[in-house]
Amino acid sequence: MELDLTKPSKKAGASPGTLAHVGRRRMDDIRINIITYGEQHLVEKRCIAIGACKAFLEGPGVAWFSVTGIHDAGHIEDIGDLFHLHPLVLEDVMQSEQRPKMEEFDGYIFVVLKMLFFDKEKAGVRVEQVSLILGPGYVLSFQESEDDVFEPLRERIRMGKGRIRNMGSDYLAYAIMDSIVDHYFVILEEMGEAVEALEEAIVSDPKTKTMHAIQKLKRQLISFRRAVWPLREAISSLQQVAEPLISRDLSAFLRDLHDHTIQVLDTEETFHNTISEALDLYMSSLSKRMSQVAQVLTMVATIFIPLTFIAGVYGMNFKYMPELAHRWGYPACLLLMLAVAVGMLLYFRRKHWF
Amino acid sequence: MELDLTKPSKKAGASPGTLAHVGRRRMDDIRINIITYGEQHLVEKRCIAIGACKAFLEGPGVAWFSVTGIHDAGHIEDIGDLFHLHPLVLEDVMQSEQRPKMEEFDGYIFVVLKMLFFDKEKAGVRVEQVSLILGPGYVLSFQESEDDVFEPLRERIRMGKGRIRNMGSDYLAYAIMDSIVDHYFVILEEMGEAVEALEEAIVSDPKTKTMHAIQKLKRQLISFRRAVWPLREAISSLQQVAEPLISRDLSAFLRDLHDHTIQVLDTEETFHNTISEALDLYMSSLSKRMSQVAQVLTMVATIFIPLTFIAGVYGMNFKYMPELAHRWGYPACLLLMLAVAVGMLLYFRRKHWF
Amino acid sequence: MELDLTKPSKKAGASPGTLAHVGRRRMDDIRINIITYGEQHLVEKRCIAIGACKAFLEGPGVAWFSVTGIHDAGHIEDIGDLFHLHPLVLEDVMQSEQRPKMEEFDGYIFVVLKMLFFDKEKAGVRVEQVSLILGPGYVLSFQESEDDVFEPLRERIRMGKGRIRNMGSDYLAYAIMDSIVDHYFVILEEMGEAVEALEEAIVSDPKTKTMHAIQKLKRQLISFRRAVWPLREAISSLQQVAEPLISRDLSAFLRDLHDHTIQVLDTEETFHNTISEALDLYMSSLSKRMSQVAQVLTMVATIFIPLTFIAGVYGMNFKYMPELAHRWGYPACLLLMLAVAVGMLLYFRRKHWF
Amino acid sequence: MELDLTKPSKKAGASPGTLAHVGRRRMDDIRINIITYGEQHLVEKRCIAIGACKAFLEGPGVAWFSVTGIHDAGHIEDIGDLFHLHPLVLEDVMQSEQRPKMEEFDGYIFVVLKMLFFDKEKAGVRVEQVSLILGPGYVLSFQESEDDVFEPLRERIRMGKGRIRNMGSDYLAYAIMDSIVDHYFVILEEMGEAVEALEEAIVSDPKTKTMHAIQKLKRQLISFRRAVWPLREAISSLQQVAEPLISRDLSAFLRDLHDHTIQVLDTEETFHNTISEALDLYMSSLSKRMSQVAQVLTMVATIFIPLTFIAGVYGMNFKYMPELAHRWGYPACLLLMLAVAVGMLLYFRRKHWF
Amino acid sequence: MELDLTKPSKKAGASPGTLAHVGRRRMDDIRINIITYGEQHLVEKRCIAIGACKAFLEGPGVAWFSVTGIHDAGHIEDIGDLFHLHPLVLEDVMQSEQRPKMEEFDGYIFVVLKMLFFDKEKAGVRVEQVSLILGPGYVLSFQESEDDVFEPLRERIRMGKGRIRNMGSDYLAYAIMDSIVDHYFVILEEMGEAVEALEEAIVSDPKTKTMHAIQKLKRQLISFRRAVWPLREAISSLQQVAEPLISRDLSAFLRDLHDHTIQVLDTEETFHNTISEALDLYMSSLSKRMSQVAQVLTMVATIFIPLTFIAGVYGMNFKYMPELAHRWGYPACLLLMLAVAVGMLLYFRRKHWF
């Protein structure tokens, strides 16, 4: 989620559908793991060859092909051939700067999501793209690196917990998306803590550093929103897809997923507002303090400037200044000064200036 | 309505439909109360067992099952089995951070609302979630604690006042929602008083404390809006539901409920604007006063600085300063000072600076 | 249009459709006046009993029942029984804080509008609610007090001017609404004068009082908008109503009424913008003047502070200060001061500071 | 386009459809000119009587009746009778404060547009209303004064240039509207020059007068927008009108007209943004200069105030001040002053204050 | 993309469909190049005569007629005759200030796009209009000058790379649009570098020049948006066009193109936000520094003004000032001054003013 403004977002001039990796390379090898399962059976294999996929694809039950690494055009093309995918789908899979979206093709559905991680060290959010192909009896998922948020889901499949072993591939695709959206709440929690910490810092000890941290957090919130906002629409479109790819039983689940996405966006908005309010409060308290300081100067200066002038007058060296020789000149002068000072204070008081 | 930014809004990683309580636990036991009624009969029981519900469910007339306490997954699941509810509905019932919404399922309607209370001590608004299941002949309601706003409604059922005893379960569900929305007006009254008090305080005696109180009230208004805003859409959707779950006779009532919700939101907006205006007025009056203070300093300083300079000149100790020895030097000097002062005042006056 | 924030906008806890007056009581008795007319006949009666209405209702031609006073639940209920009105309609009629709206019921249409008066004494706008029931052959209108804007309309009916005597009850309802909207233009004229006066005042003589008057006018404009804005939608909905309640011939008239409403809102917006612009111009001219004042101080101070310092140096009483004893010390010192002053002025001039 | 806030925009209380002129009277007589034409023939008459129109109306080809002057209710009514126009249409024709709109009636279409002129002397934009009635075989146009932008169009009809002589009355109506919209570009050019001049003036020589000119131009741009904006929708609606009033061949032309209107609005928006940006840039440069001036004062004052204090100390007249009698007291004092000044300058420099 | 406010955007008064060039003339001759191709054949000719086009138009495969130069009305008209184009299409082709749009005509589709170039020397973006006519078996493209971004596409056609040689003229039109949109990413890269450079400059060394550069970049971003924004809608409309002009196979490609356009707009928005944020940060850091400077002055002045007053008092020349003669007068006076200074510092410290 680092904002890298100069990245080559697309290879200009190439033929549409030309496969080229766009993004940072996060790993060396491309791996394919597979889990196939039905009500009664479960097979799990790691690092299978592309050729071996075919057998699983035609087997009974649901097969989840999980591809890790998206930088090798040849591999991706082989997979595309096996699953009869449109070249533009493969192009999108390899470009890790896609917006979340859902597209319906003949015989399969293509969904792009953003998987988010919180990077404790950098105190930042890391984005990874997940592409899903939902076809009859299988789900094909692409991710950029080994890290993912799907381990609890895999465990549920292995244990046969929940209803997943009795449902089709559409439920599997839903469960994968649900895992990703669920993880957004974890990110929000981390961000919420950061928001609270900064909110406190801004009140107790407002430094320029705090301002920079707030700017950074604001930017992260915007990036977060950008990663989640289009997902809402994508899930909405998924709800419109007709049978057989998405069965009617799934509609309640998709509606639930939609609700969660809105909830995530709502929370993000709350954070945004909280920060803005804290900043406003800080700004107004800053300007209030400034004006207090200025007011003290104003009054001190306004009172002493005339007094100093009087002192200056009687500091002049004219020969003939009758007051100077007078016995009570000095006390009278001091009294005059006192009178001026008190008069001004009364005037200020009447104007409610202090 | 305390803004608790770090709350775990959802249990990440669990299977969708897994029941887990999210929110503060407000009571120890879960209780089920029931009122069944028809034109001629009325039965009311408190603290019945789940098993005993079945008989009432199949009886004649309308049955209102009111469940208090949503933290025990086992209980909720039992209720879900009895009423054939979707696991996701149960999941939503147990999570007290839902947005208001309405969802149609096969054979029943699921509505989530926010019941609001004004907490005099904390001078804040407390939110509690109410979930409604409207099925043929019954309404099942879930609330977090014993406190509720339904006592007048129960009394109307008991007394047979109004048309409630002659209408179906859809009217009961409407009446429950109406009770909640009616109570929003009470909250608005309390808030309106707070708004007026702060509006006055800001003009008469603007302190930093007032600013904080205003920030707090603003936040409360936003939370209020957030709790009511989605309800508008939910009621709109309810108006679209076809027979038999919601009879045609109810449409005028739902339209009325919709109007009330809009009226509530309108009033909230008025409060919001009133506060913003008061703040603006205060800010501009503050900056005006500041500028008046500054202007006085400016004039005092601008007039006396040259005079003090003149005094300083004749305070110098040069041996040969002919003016000093002159008989009329001192009066002439004073006259010069007077002339400078008057000249400047005239200049300021011509410029309309005071 | 006084903004009364703590008013009990609704009676919480009562059964929906319970009749209770909400608003200020503006008169003591409830009166019913009636005008029935056709192409050839005209009957007008004042203060008839509710029972007597029935005869007119069944008579030929068009009957306009005009009810003045909405605070007596019993009376209103009797009228509701006679005209077979829905309890929620009666509830809305008695609550004078409704938003303008149009609702279609079986056999009649219910419209709520706001009648506006300009109160010269208070220099404010007074709002009164008018509820219309348009049924076959009759219009039933409710207003809060005797004051209304319908006298020219009644005169037209009496004189048989225009096409009103040849048209149905839908035209009568239209004519009533048209009278109300026409009167908005009168209000706008009054407000326009206030806007112009304030615009002038703000430029010629900006006082805190002017600011308060502007705030008040702004609030009135917002209230005005709030009273008119929803009417636009209500009239739009009226245009959708099918025969027989609203005949096809009326569509051109309703479209015209819709146009007028938009024109009213447009003018209101222009006023709003004019005030905002005047305020902006004032603010910028204020800050400009402030900065001019400050600049003069700056220059005076910046020039004289060093000069005073020089004077101070030669005012010191050190024994051995060779300059003091020098014959040309004093003139040289004055020349030095002059040089410093001129040098600074040249520097300022080069920087374009004055 | 003078903003006359107190004008009586409508005669309140009159019967709908009552004819009364609203606006400034721009000429004395009402004149009707006519051009009828077909592929082979062309007849043009000036100042014909209303009665004489009928013959032309029933003749072959297309007839353009151009009425100049809209203030005489009797005349307008006669024309309305002849062309069977709805009273509300006539009412709208006579009120020169209509918003641009298009309304479909039985047998004819009614369009209201704003013709704009640039008034070089007043450096302002003058608005005139043009009303069009498009019926089968004829176009009836109303304008407020003799000035118009249709001369090139008339010339094209006379010369038989372009396709106008081969097309129906719908094309004539389109051509009239096109002439008006084309002239908007001329106005935009004039305004563009004004915008550029002001943009330059604001940078080179920002005076209060410039500010007023900018305010005036902004207001003109808003009025311009207000005159053109609703036209977009009106033309959109025209595109929806079915045959026979508007033939299918016209759709490309109307789409083109629609595009031009959007282009006009786009350009207006660009002007608006350009002015706003110029103002922003000016404001920030103003405040920057202000702060530079203030900074110089700050530094001069901050440096000399302590020095003057030191001078003041040694100007005191205490008997026993050992430093005063010291041989090197004076130079030491001067050195001390220098050290303080240099120290402060170094401090400022380290803080990057200059 | 120079904002030329006074350009004659349209020739007012001319007949609609009159051909006249609007824009800068970028070259002298008009040239037509042609490429026709099929799966097996490829013919490419440069600078052919208009008459020669006909043969290619009727030949097999796909023909791409590329017209360079749009300023000669006669030539354009000849081309229009040959391809049976609507006069308004030709008018639009010759006016280089069109908004991007797509229009469907009988037998062909008309698309207008903006081709963008980055001009390194001027550090600005140059806009050129490209008009496309997509008919059965041919694409006719108009561009203003020889420079274009289609060379890689032509090379792909020549080499037979990708699927272009197997697809129809609709794919060719798509490929041309894709080339243009792809090039937007190149522009974005250049702009991104400029944004980053300015973001850095604003923090490290904020000068007035930087402000001007930012204003310029902002304006360029707005122009960029203006050139791309309407394209989104145009491509959307293209997706709605039925067969046979656009085959079903193309829909995935158009959807992809649509996505890219949105991505372009998203990136542009990010740039916009980045600049705004940088400016905000700069402004707040500027005002913070200003206030620090002011605070130092305030404290120095507030402390020394009273001290100078005390010095002034004992600099007075009254005869009878007992303190002056006192042995410890001077040290006592200095102690008093110290006490005042320390007291004030303590007061400031307690108020947290430094």
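Counting from 1, residues in each chain are numbered in the order their sequence is written. Each chain gets a letter, beginning with A, and each ligand a number, beginning with 1, in the order they are written. Side-chain atom pairs in this predicted model are given and counted only at pLDDT of 80 or more, local residue features only at pLDDT of at least 70, and totals for whole chains, interfaces and linings cover all residues. Note that the side-chain values use all heavy atoms of the structure and ignore hydrogens as well as water.

**Digging into the pairing of strand 1 (residues 31-37) of chain E**
All names here are of chain E.
Argument step 1. In terms of burial, strand 1 is largely enclosed, as six of its seven residues are buried.
Argument step 2. Note: two strands are recorded as paired if DSSP finds a minimum of 2 bridges between them. A run of H or I in DSSP becomes a helix once it reaches four residues, and a run of E becomes a strand once it reaches two; helices and strands are each numbered from the N terminus. By the bridge criterion, four bridges tie strand 1 to strand 2 (residues 42-45) in an arrangement that is antiparallel. Looking across to strand 2, one finds that Ile34 is bridged to Lys45.
Argument step 3. Linking strand 1 back to strand 2 in an antiparallel pair, the connection comprises four residues. The buried label goes to any residue with under 20% of its type's maximum accessible area, the exposed label to any with over 50%, and the partly exposed label to all in between, with areas taken from a 1.4 Å probe on protein chains only.

**Topic: the relation of the copies chain C and chain D**
Argument step 1. Note on the copies: chain C fits chain D at an RMSD of 0.1 Å, the axial shift is 0.0 Å, and the rotation between them is 72°. Such a combination of rotation and displacement between the chain copies is what one expects of a five-fold axis. Residues of chain C ranked by C-alpha distance from the rotation axis are headed by Gly315(C), positioned 4.4 Å from it. The copies were overlaid with a least-squares fit restricted to C-alpha atoms from residues scoring a pLDDT of at least 70 in each copy.

**Section: the sheet that holds strand 2 (residues 42-45) of chain A**
In any sheet, the strands associate via hydrogen bonds between backbone groups, in a parallel or an antiparallel arrangement.
Residue and element names in this part refer to chain A.
Argument step 1. Here we have seven strands laid out as an open sheet, ordered 2-1-3-7-6-5-4, and mixed in their pairing. Taken across any chain shown, the strands that pair with only one partner, and hence form the sheet edges, are strand 2 and strand 4 (101-105). Strand-to-strand twist in this sheet, taken as the mean axis angle between neighbours without regard to direction, amounts to 15°.
Argument step 2. One ladder, built from six bridges, connects strand 3 (residues 62-68) with strand 7 (residues 138-143); its direction is parallel. When the sheet's bridge partners are listed, Phe65 is paired in strand 7 with Leu140.
Argument step 3. Whether two residues touch is decided by their heavy atoms; if any such pair falls within 4.5 Å, the residues are in contact. Helix axes use the C-alpha atoms of the stretch in contact, all axes being lines fitted to C-alpha atoms, and the angles between their N-to-C directions lie in the range 0 to 180 degrees. Each of strand 1 (31-37), strand 3, strand 5 (108-119), strand 6 (124-135) and strand 7 is contacted by helix 5 (residues 169-204), which is oriented at about 25° to strand 5, the strand it contacts most.

**Digging into the interface of chain C and chain D**
Argument step 1. In this complex, chain C contributes 58 residues to the contact, which on the side of chain D involves 62 residues.
Argument step 2. Taking both sides of the interface into account, the surface hidden between chain C and chain D amounts to around 5300 Å²; carbon and sulfur atoms contribute 61%.
Argument step 3. Salt bridge criterion: a side-chain nitrogen from Lys or Arg within 4 Å of a carboxyl oxygen from Asp or Glu. The shortest N-O distance in the salt bridge between Glu103(D) and Arg255(C) comes to 3.6 Å.
Argument step 4. Here a polar contact is taken to be a pair of N or O atoms separated by no more than 3.5 Å, where protein atoms must pair a possible hydrogen donor with a possible acceptor and residues adjacent in sequence count only if both atoms sit in side chains. Applying the counting rule to chain C against chain D returns 13 residue pairs in polar contact (both at pLDDT 80 or more).
Argument step 5. When contributions to the side of chain C that touches chain D are tallied by element, the ones reaching two or more residues are helix 4 (151-159), helix 5 (169-204), helix 7 (251-313) and helix 8 (322-325) of chain C.
Argument step 6. No other element matches helix 7 of chain C, which puts 28 residues into the side of chain C that touches chain D.
Argument step 7. Residue polarity is assigned by list, with Asp, Glu, Lys and Arg as charged and Ala, Val, Leu, Ile, Met, Phe, Trp, Tyr, Cys and Pro as nonpolar; anything else, Gly included, falls into the polar class. Taken together, the residues that form the side of chain C that touches chain D break down as 24 nonpolar, 16 polar and 18 charged. A 1.4 Å probe defines the accessible area here, and the buried area is the portion of it lost by two parts on being joined, summed over both.

**Some words on the arrangement of the chains**
Argument step 1. There is a clear gap between chain A and chain D: no contact, and 9 Å between their nearest C-alpha atoms.
Argument step 2. Where chain B comes nearest to chain D, the C-alpha atoms are still 9 Å apart, and the two do not contact one another.

**Quick look at the packing of aromatic side chains**
Argument step 1. Between the rings of Phe, Tyr and Trp (Trp by its six-membered ring), a pair exists once the centres lie within 6.5 Å; its type follows the angle of the planes, with under 30 degrees stacked, over 60 edge-to-face, and the other angles tilted. Going through the model one piece at a time under the given rule, you end up with 60 aromatic pairs over all chains.
Argument step 2. Summarising the aromatic geometry, the rings of Phe318(C) and Tyr330(D) are spaced 6.2 Å apart at their centres and angled 50° between planes, so their arrangement reads as tilted. Taken together, the positions of Phe318(C) in the loop between helix 7 and helix 8 and Tyr330(D) in helix 9 (residues 329-350) put the pair across two chains.
Argument step 3. Judged by relative accessible area, which is 5%, Phe318(C) ranks as buried.
Argument step 4. The structure contains a cluster of three or more aromatic residues connected by ring pairs, namely Phe65(A), Phe83(A) and Tyr138(A).
Argument step 5. Two thresholds decide whether a charge sits over a ring: the Lys NZ or Arg CZ must be within 6 Å of the ring centre and within 35 degrees of the ring normal. Stacked on the ring of Tyr320(E), the Lys or Arg Arg327(A) has its end atom at 4.8 Å from the ring centre.

**Here's the deal with the interface of chain B and chain A**
Argument step 1. Listed per partner, the contact involves 63 residues of chain B and 58 residues of chain A.
Argument step 2. Roughly 5300 Å² is buried in total at the junction of chain B and chain A, and carbon and sulfur atoms are behind 61% of that figure.
Argument step 3. Between chain B and chain A we count four salt bridges in total.
Argument step 4. The closest approach of N and O atoms between Arg219(B) and Glu199(A), which form a salt bridge, is 3.1 Å.

**Points about the pattern of salt bridges**
Argument step 1. The full count for this structure, using the stated rule, is 75 salt bridges over all chains.
Argument step 2. Here Glu151(B) ties to Arg158(B) by a salt bridge, and the two come within 3.2 Å at their closest N and O atoms.
Argument step 3. Its relative accessible area of 38% is what places Glu151(B) among the partly exposed residues.
Argument step 4. The partner of Arg154(E) in a salt bridge is Glu151(E), and the shortest N-O contact between them spans 2.8 Å. Note that Arg154(E) and Glu151(E) are positioned in helix 4 (residues 151-159) at a spacing of three residues, about one turn of the helix.
Argument step 5. Judged by relative accessible area, which is 10%, Arg154(E) ranks as buried.

**Regarding the domain arrangement of chain A**
Argument step 1. Residue ranges assigned to each domain were obtained from an automatic or database domain assignment. In terms of domain boundaries, chain A breaks down into domain 1 (8-285) and domain 2 (289-350).
Argument step 2. Between domain 1 of chain A and domain 2 of chain A, the C-alpha centre-to-centre distance is 75 Å.

**Comments concerning the side chain of Asp92(D)**
Argument step 1. Among the structural elements, Asp92(D) can be located in helix 3 (residues 87-94).
Argument step 2. In terms of polar contacts, Asp92(D) uses its side chain to reach the side chain of Lys101(D), at 2.6 Å.
Argument step 3. Not counting chain neighbours up to four residues away, the residues in contact with Asp92(D) comprise Asp256(C), Gln98(D), Lys101(D), Phe110(D) and Gln129(D).

**Side note on the environment of Ala20(C)**
All names here are of chain C.
Argument step 1. Within the secondary structure, Ala20 sits in the segment before strand 1 (31-37).
Argument step 2. For Ala20, a relative accessible area of 23% corresponds to the partly exposed category.
Argument step 3. It is 7.5 Å that separates the C-alpha atoms of Ala20 and Gln95, two residues lying 75 residues apart in sequence.

**Some remarks on a nonpolar patch on the surface**
All names here are of chain A.
Argument step 1. Among the surface-exposed residues, Leu335, Leu338, Val342 and Leu346 lie close enough to one another that they form a single nonpolar patch of about 400 Å² accessible area.
Argument step 2. Tracing the backbone shows Leu346 in helix 9 (residues 329-350).
Argument step 3. Using a relative accessible area of 56% as the deciding quantity, one classes Leu346 as exposed. To count toward a patch, a residue needs a relative accessible area over 30% and no salt bridge; like charges are then connected within 9 Å, while nonpolar side chains (Val, Leu, Ile, Met, Phe, Trp, Tyr) are connected within 5 Å. Residue-level accessible areas treat just the shown protein chains as cover; the underlying method is Shrake-Rupley with a 1.4 Å probe.

**Section: the relation of the copies chain B and chain A**
Argument step 1. Overlaying chain B with chain A gives an RMSD of 0.1 Å, the required rotation being 72° about an axis along which the chain moves by 0.1 Å.
Argument step 2. Of the interface residues in chain B, just 10% have counterparts in chain A that sit at the interface too, so the contact is made through distinct surfaces.

**Concerning the environment of Gln129(C)**
All names here are of chain C.
Argument step 1. For Gln129, the location among the structural elements is in strand 6 (residues 124-135).
Argument step 2. Taking the relative accessible area as the measure of exposure, Gln129 reaches 2% and is therefore buried.
Argument step 3. The contact partners of Gln129, leaving out residues within four places of it in the chain, are Asp92, Val93, Gln95, Ser96, Glu97, Gln98, Val112, Leu113, Lys114, Phe142, Gln143 and Glu144.
Argument step 4. Side chain to side chain, Gln129 and Lys114 meet in a polar contact 3.0 Å long.

**Examining the pairing of strand 7 of chain A**
Consecutive side chains of a regular strand alternate in pointing toward one face of the sheet and then the other.
Residue and element names in this part refer to chain A.
Argument step 1. When you tally the buried positions in strand 7, you get six out of six residues, the bulk of the element.
Argument step 2. Here strand 7 shows two buried faces, one formed by Tyr138, Leu140 and Phe142 and the other by Val139, Ser141 and Gln143.
Argument step 3. Relative to strand 7, strand 6 runs antiparallel, the two sharing six bridges. Looking at strand 7, one finds that Gly135 is bridged to Tyr138.
Argument step 4. Turn length for the strand 6-strand 7 hairpin, with the two strands adjacent in sequence and antiparallel, is two residues, and the turn residue Gly137 shows positive phi of about 85°.

**Topic: unusual backbone geometry**
Residue and element names in this part refer to chain D.
Argument step 1. The residue His84 is not glycine, and still its phi comes out positive at about 55°.
Argument step 2. Tracing the chain through its elements places His84 in the loop between helix 2 (73-83) and helix 3.
Argument step 3. Take His84: its relative accessible area is 66%, and that puts it in the exposed class.

**Some points on a negative patch on the surface**
Argument step 1. This count recognises Lys and Arg as positive and Asp and Glu as negative, with His and chain-terminal groups excluded. Lysine's charge is taken at NZ, arginine's at CZ, aspartate's at CG and glutamate's at CD. Together, Asp72(A), Glu77(A), Asp78(A) and Asp81(A) make up a region of like negative charge exposed at the surface.
Argument step 2. Mapped onto the elements of the fold, Glu77(A) is located in helix 2 (residues 73-83).

**Quick word on the sheet that holds strand 5 (residues 108-119) of chain C**
Residues and elements named next belong to chain C.
Argument step 1. If you walk across this open sheet you meet the seven strands as 2-1-3-7-6-5-4, and the pairing is mixed. Looking at which strands have only one partner, the edges of the open sheet turn out to be strand 2 (42-45) and strand 4 (101-105). The mean inter-strand angle of the sheet, taken between neighbouring strand axes irrespective of direction, is 15°.
Argument step 2. Two elements, strand 5 and strand 6, share eleven bridges in a ladder whose sense is antiparallel. From the neighbouring strand, Leu113 faces strand 6, where its bridge partner is Val130.
Argument step 3. Against the sheet, helix 4 engages strand 1, strand 2 and strand 3 (62-68), with an angle of about 150° to strand 3.
Argument step 4. Lying on the sheet, helix 5 is in contact with strand 1, strand 3, strand 5, strand 6 and strand 7 (138-143); it crosses strand 5 at an angle near 25°.

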